[in-house]
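# Structural overview
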Amino acid sequence: MSGPSVFESFNARALEPHQVASSFIPSEHYDALARRQHSLVVGPRGSGKTTLLKMLQPQALEVWRHPSADRVRKSIDFTGVFVPSDITWERQLQSLDPSDNTRPLAHAAFTTHVLRALVSAFEFRAGHPIESGGSKPFRRVKLSPERQARAAQELAGNWQLQLSIDGFAGVRHALTARLAQIRILSMGGDSDSGSVPAWLRLPFLEASAMALDVFEQATGTGRERWALLFDELELAPKRLRDELFQSLRSVEDRLLFKLSMSPFTKDFPDDHLSPMAGQDFGLISLSYPNKESSYEFSEAIVQQMLKEKGFDSRGLSDVLAPSILDAGNDAKFNKNRQRAILQRLAKNDAGFAEHLASKRIDLEKPATYSSKDPRAIEVRKVAHVAIIREAFAQNGEPRARKNPGIYHGATALFAIVEGNPRWLIGMMTELLRGFDGAPVDAARQSAEIQKATNRFRALLRTIPLGDLPGRGALGILDPIGEYFKNAVLFERFSSDPPTTFVVDSDANSSLTETLGRALNAGALVYVPDKDSGISVSSLRGKRFRLSFLLAAHYCLPLQLGRSVPLSRVMYGAGRDPGQKGLFDREREGGDDA
Amino acid sequence: MRNVPAVSPVRGTPFDVDLLIGSLGFEARSRVLPLLYASESRCRIRLASFESQRVLSFEENRARLAAAGLLVDEVCEADFGEWLSRAMPVAEHRPLRVVVDVSSMSRYRIAECVRFGCEYQMPLEMVFLYQPAQFRHTQRGPSTIKSLAPVSRYFAGLSVDPELPLSLLMGLGYEADRALGVVEFLEPATVYCLFPRGGQDYEDSIEAANRDLVDSAPLGRVVNYEFGDPLASFVMLNSMVAGLRRYSRVSIVPFGPKIFSVISLLVSSLYGDVTVWRASDGDDVAPVDRVADPSRAVVGLSASWFSSEGRSRT
């Protein structure tokens, strides 16, 4: 695995399919995505959406050598066609159409992009050389050059292309030339004298379905299944996005749609005609409100990274010098170091001392409580918060400590990366630089976590406000973080201080949209009720916590705490009274965000 | 039809020109070149003001320009291109020669000037001049961004191969961690930082504002360019773009001195698929007055279109 720094960030978007496959570790999410059904993958940045989609491509499946690879290849009975997207491409599409919108250039560019991806898949299946060294051909077909040339001519005729090269490669080149033509049209140049080319309005779904007919006829494969894999759906033009989303209700058995998107999309269709998760499509969430759910996957990634460095049979706890938070799993109470911290806190913090007394816990006694003793259970429950409190506060005031050495060690790191492969790999790549088997010391770990946090905050600051008032994502997150920090460190000791919030029902759309952007960036994590699904359009009434990547910045525990209404957080932080405007919900018809 | 420019160096401030295009803004330096040309040249001078931020030196600038007999048009951003077209005189039998003072011009307006050059169907030379400011340690901390988008439709480009990875050429400026944030936001596969050299105070300030980004840079990923030699910087940037375009999509984010924006736009205009970005500040960013530094020479770069040196690309 590579990806040393922000200069060459680990982003599956930039990787070829075989590169993605070389280090891919399957998960339950991948198994769910590989099923023969429409799918919607939802997760914040870096959560692995693009990787999962790319791993459905034949190019990736053929070279994948994981122990599960054969099983997966047998189970996938469709051909995945990956349609990439990113912010740069999205902004370019947005810039294409003149304001009078008489020529739908963005739609044409998007269609051309999809058809190129489809033809690339045809090319691969019908003629790409099979990689040596253990590749397992996946859904390959035999197609003579003559039949391919005829099929290409038919595609060109239907899509109004001029071919200068035979075969599917020629179609792909012609589609590339079409994108260049669209660029010229957008600049006011016109190959014809002002006429609008008919192909500008070519509908991509119909055009794709027609292409599949041509391919099946040429190859004699019969009716096959294909999956169009659309990445970053929230970046697509709205009309296309709506069309794709409605496709999730499609009963066309030949075409599957597997879409990825961020958790919050402002204009996500949420009416009774919209596709329904569980009925029309499978909904896959790549967020982990409970941190432990991500540990197994994260550990597998780390083990693979260590194996590549020649350290087999090692895990994260072997690599990182532990912190006090790593002592939390032992059933015995007498963990001396942790106990010493709690004793110190009890001496200096009347509230903590009273809490212990109320539970009949005497930390001075040398006796060992059994693990099932209610007092031991209570100590385990409060230890995490107490450790944080002791590290950063004294007598209700902040301690003058730059780095008390809390946020490091395997337990902390796994929580902090939130199961986000990009964060994990980015951090581990730095920590493993020069690794010789000796555990990485606490100072270096803390430094890397600090760097990652700084980068993350720089990103949050950069998320464009657009027309939203206020100070952007951090303008909302910082007051929330400070409120929780105050509750954890400086208010009277509580065994369950608030570290989550619920968005009030009267929160206005400016606030919810800002929260949504923070959610999409991964700065907030949705904490669903047991029976509720993931949130994609409506944040009101939903519960959230701050990402643990921000925990060190705000001196917060790496665990879920009780929730408070967001309005209390914003008012209670003593911030700008103007923040009350965030809860004056505008009268917007149909707005449920 | 779109023309590509031929770029050449500029020495000093050429006065044998037909027109000067400048700005009335809140920076004291925005009046320097217009007043100089009013006294030393017989060219027409057309100045455009901004709709907002009429603070700091704005009123003094307006008074001094009025005293010199210079008129200012109130022009909103959206109308600047049209205003520019109307401002252009007709030059018969010779190329039109226009000075564009970019010192206090918005990046959008600079882009419109370059676009005008690319689309103008007569021979045209634009001399882009930049008046360096006195260094002022403004302690500009992290701030919000209102929008991050291509500087204009013309410079959005369109990649004909969107599957290619993205290479980002990131100009460094004073705003703390802003370049880092943009890199994180755009998620490029490859990043090169472009560091303006030309004054220790400035360099220290830029380094401090971009410490996290610069410190983590692998060897060769921080590329210096000489602020005082725009032609060499143009050649360097064009060379980088030409090389990177062979296997990636290329975007340029020209934070830093405005002359670097000019260079970026001129390079982009040579191709059709290189995006030049602009980040506009949020409302929490206070304007800063910049005073001309008399000890530093005006920096300039000339671009000629449809001349004996230029060539038509499409």
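Turning to the nonpolar core, a few remarks are in order. Of all hydrophobic cores here, the largest spans 115 residues; its most connected members are A:Leu413, A:Met428, A:Leu477, A:Phe501 and B:Met170. With nine residues, helix H20 (residues 472-490) of chain A is the largest single contributor of residues to this core. Once you skip the residues sitting within four places of it in the chain, A:Leu477 turns out to touch A:Leu460, A:Ala518, A:Ala523, A:Leu524, A:Leu546 and A:Tyr554. Counting 63 residues, the second largest nonpolar core, distinct from the first, contains A:Val119, A:Leu155, A:Trp159 and A:Val171.

Listed per partner, the contact involves 43 residues of chain A and 51 residues of chain B. Between chain A and chain B, roughly 4300 Å² of surface is buried when both sides are summed, and carbon and sulfur atoms account for 57% of that area. The tally of links from chain A across to chain B stands at seven salt bridges. Here A:Arg422 ties to B:Glu187 by a salt bridge, and the two come within 2.2 Å at their closest N and O atoms. Summed over the shared surface of chain A and chain B, the number is 21 residue pairs in polar contact (both at pLDDT 80 or more). Taken together, the elements giving at least two residues each to the side of chain A that touches chain B come down to helix H6 (87-94), helix H7 (105-127), helix H9 (167-186) and helix H19 (442-462) of chain A. Residues of the side of chain A that touches chain B, tallied by class, amount to 17 nonpolar, 13 polar and 13 charged.

A few words now on the packing of helix H12 (residues 295-308) of chain A against helix H18 (residues 421-431) of chain A. All names here are of chain A. In contact at an axis separation of 11 Å, H12 and H18 are set at 35° when each is read in the N-to-C sense. Judged by the sense of rotation from one axis to the other, the crossing of H12 with H18 is right-handed. Touching Phe-297, Ser-298, Ile-301, Val-302 and Met-305 of H12 are Pro-421, Leu-424, Ile-425, Met-428 and Thr-429, all from H18. Considered class by class, the residues forming the contact of H12 with H18 number eight nonpolar, two polar and no charged.

Counted under the stated rule, the structure contains 28 aromatic pairs over all chains. Each ring, one from A:Phe122 and one from A:Trp226, has its centre 5.3 Å from the other, and the planes form 75°; the classification is edge-to-face. Linking A:Phe122 in helix H7 with A:Trp226 in strand S3 (residues 226-230), this pair joins segments that are 104 residues apart in sequence. In terms of burial, A:Phe122 and A:Trp226 fall into one category: buried. Measuring from ring centre to ring centre gives 6.0 Å for A:Phe501 and A:Phe544, while their planes differ by 35°; the resulting arrangement is tilted. Placement of A:Phe501 in strand S8 (residues 498-502) and of A:Phe544 in strand S10 (residues 543-546) is noted, with a sequence separation of 43 residues between them. Classification of A:Phe501 as buried rests on a relative accessible area of 0%. Aromatic ring contacts, followed pair by pair, group A:Phe122, A:Phe168, A:Phe215 and A:Trp226 into a single cluster. We note A:Arg545 situated over the ring of A:Phe548; from NZ or CZ to the ring centre the distance is 3.9 Å. Positioned over the ring face of B:Phe195 is B:Arg197, at 3.7 Å from the centre of the ring.

Residues and elements named next belong to chain B. When pLDDT is averaged across chain B, the result is 90; 95% of the residues are at 70 or more. Mean pLDDT values for the elements of chain B range from 46 in strand S15 (residues 311-312) up to 98 in strand S12 (residues 249-254). Overall, residues 310-314 carries pLDDT values under 50, and its contacts beyond four positions in sequence, including any with other chains, amount to 17 contacts. The complex prediction reports pTM at 0.91, with the ipTM value standing at 0.91.

Residue and element names in this part refer to chain B. Considering only enclosed or pocket space, the largest pocket measures out at about 1600 Å³ in volume. Phe-26, Gln-53, Arg-107, Lys-258 and Asp-281 are, among the 49 residues lining the largest pocket, the residues nearest its centre. The element that contributes the greatest number of residues to the lining of the largest pocket is strand S13 (residues 275-281), accounting for five residues. Among the residues making up the lining of the largest pocket, the classes are represented as 21 nonpolar, ten polar and 18 charged.

This brings us to the pattern of salt bridges. Residues and elements named next belong to chain A. The full count for this structure, using the stated rule, is 47 salt bridges over all chains. For the salt bridge of Lys-238 with Asp-242, the shortest nitrogen-to-oxygen distance reads 2.7 Å. You can see Lys-238 and its partner Asp-242 sitting in helix H11 (residues 238-247), four residues apart, about one turn around the helix. Judged by relative accessible area, which is 41%, Lys-238 ranks as partly exposed. Taking the relative accessible area as the measure of exposure, Asp-242 reaches 24% and is therefore partly exposed. Salt-bridge contacts for Glu-390 lead to Arg-399; the nearest nitrogen and oxygen are separated by 3.1 Å. On the accessibility criterion, Glu-390 (4% relative accessible area) is buried. Using a relative accessible area of 23% as the deciding quantity, one classes Arg-399 as partly exposed.

Strands in a sheet are paired, the pairing made by backbone hydrogen bonds, and the direction either parallel or antiparallel. Residues and elements named next belong to chain B. If you trace the six strands from one edge of the open sheet to the other, you get S8-S13-S12-S9-S10-S11, paired in mixed fashion. Both outer strands of the open sheet, strand S8 (145-150) and strand S11 (222-226), are each paired with one neighbouring strand and no more. Neighbour-to-neighbour, the strand axes of this sheet turn through a mean angle of 25°, independent of strand direction. Both strand S10 (residues 190-197) and S11 contribute to a ladder of five bridges, which runs parallel.

Residues and elements named next belong to chain A. The backbone phi angle of Gln-160 is positive, close to 60°, even though this residue is not glycine. You can see Gln-160 is positioned in the loop between helix H8 (145-159) and H9. Although it is not a glycine, Glu-418 adopts a positive phi angle of roughly 55°. Following the sequence through the fold, Glu-418 ends up in the loop between helix H17 (410-417) and H18. Overall, Glu-418 belongs to the buried group, its relative accessible area being 9%.

Each value, and the rule that gives it
- Sequence order sets the numbering: in each chain, residues are counted from 1 along the sequence as written.
- As they are written, the chains are lettered A onward and the ligands numbered 1 onward, keeping that order.
- In view of the model being predicted, local features appear only for residues whose pLDDT reaches at least 70, and side-chain atom pairs are presented and counted only at 80 or more, with totals across whole chains, interfaces and linings using the full set of residues.
- Working from all heavy atoms in the structure, the side-chain values ignore hydrogens and water.
- Among buried residues, the Ala, Val, Leu, Ile, Met, Phe, Trp, Tyr and Cys ones that are joined through side-chain atoms within 4.5 Å form a nonpolar core.
- Only protein chains enter the accessibility calculation, which uses a 1.4 Å probe; a residue whose area is less than 20% of its type maximum is buried, one above 50% is exposed, and one in between is partly exposed.
- The way it works is that DSSP assigns letters per residue, a run of H or I at least four long becomes a helix, a run of E at least two long becomes a strand, and they are numbered from the N terminus.
- A contact between two residues is defined here by any heavy atoms of the two lying within 4.5 Å.
- Summed over both partners, the accessible surface that disappears when two parts come together, traced with a 1.4 Å probe, is what is meant by buried area.
- Take a side-chain nitrogen of Lys or Arg and a carboxyl oxygen of Asp or Glu: if they are within 4 Å of each other, that pair is a salt bridge.
- Any pair of N or O atoms that falls within 3.5 Å is considered a polar contact. Within protein, one atom must be able to donate a hydrogen and the other to accept it, and sequence-neighbouring residues count only if both atoms are side-chain atoms.
- Under the scheme applied here, ten amino acids are nonpolar (Ala, Val, Leu, Ile, Met, Phe, Trp, Tyr, Cys and Pro), four are charged (Asp, Glu, Lys and Arg), and all others, including Gly, are polar.
- Every axis corresponds to a line fitted to the C-alpha atoms, with the helix fit spanning only the stretch in contact, and the corresponding angles, defined between N-to-C directions, vary from 0 to 180 degrees.
- Note: crossing handedness is left-handed where the near helix turns anticlockwise from the far helix by less than a right angle, and right-handed where it turns clockwise.
- Ring geometry is summarised as follows: Phe, Tyr and Trp rings, the Trp one being its six-membered ring, pair when their centres sit within 6.5 Å, and such pairs are stacked at plane angles under 30 degrees, edge-to-face over 60 and tilted between the two.
- Think of it as a cone above the ring: NZ of Lys or CZ of Arg counts as a charge over the ring if it is within 6 Å of the ring centre and within 35 degrees of the ring normal.
- The predictor rates its confidence in each residue with pLDDT, a number between 0 and 100.
- Using protein atoms alone on a 1 Å grid, points that fit a 1.4 Å probe yet trap it form a cavity, whereas open point sets bounded by protein on both sides within 12 Å along at least five of seven lines form a pocket; residues with an atom within 4 Å of a point count as lining.
- Grid points are joined across faces, edges and corners, and a volume is the space filled by probe spheres set on the points.
- A pair of strands is labelled paired if DSSP reports no fewer than 2 bridges between them.

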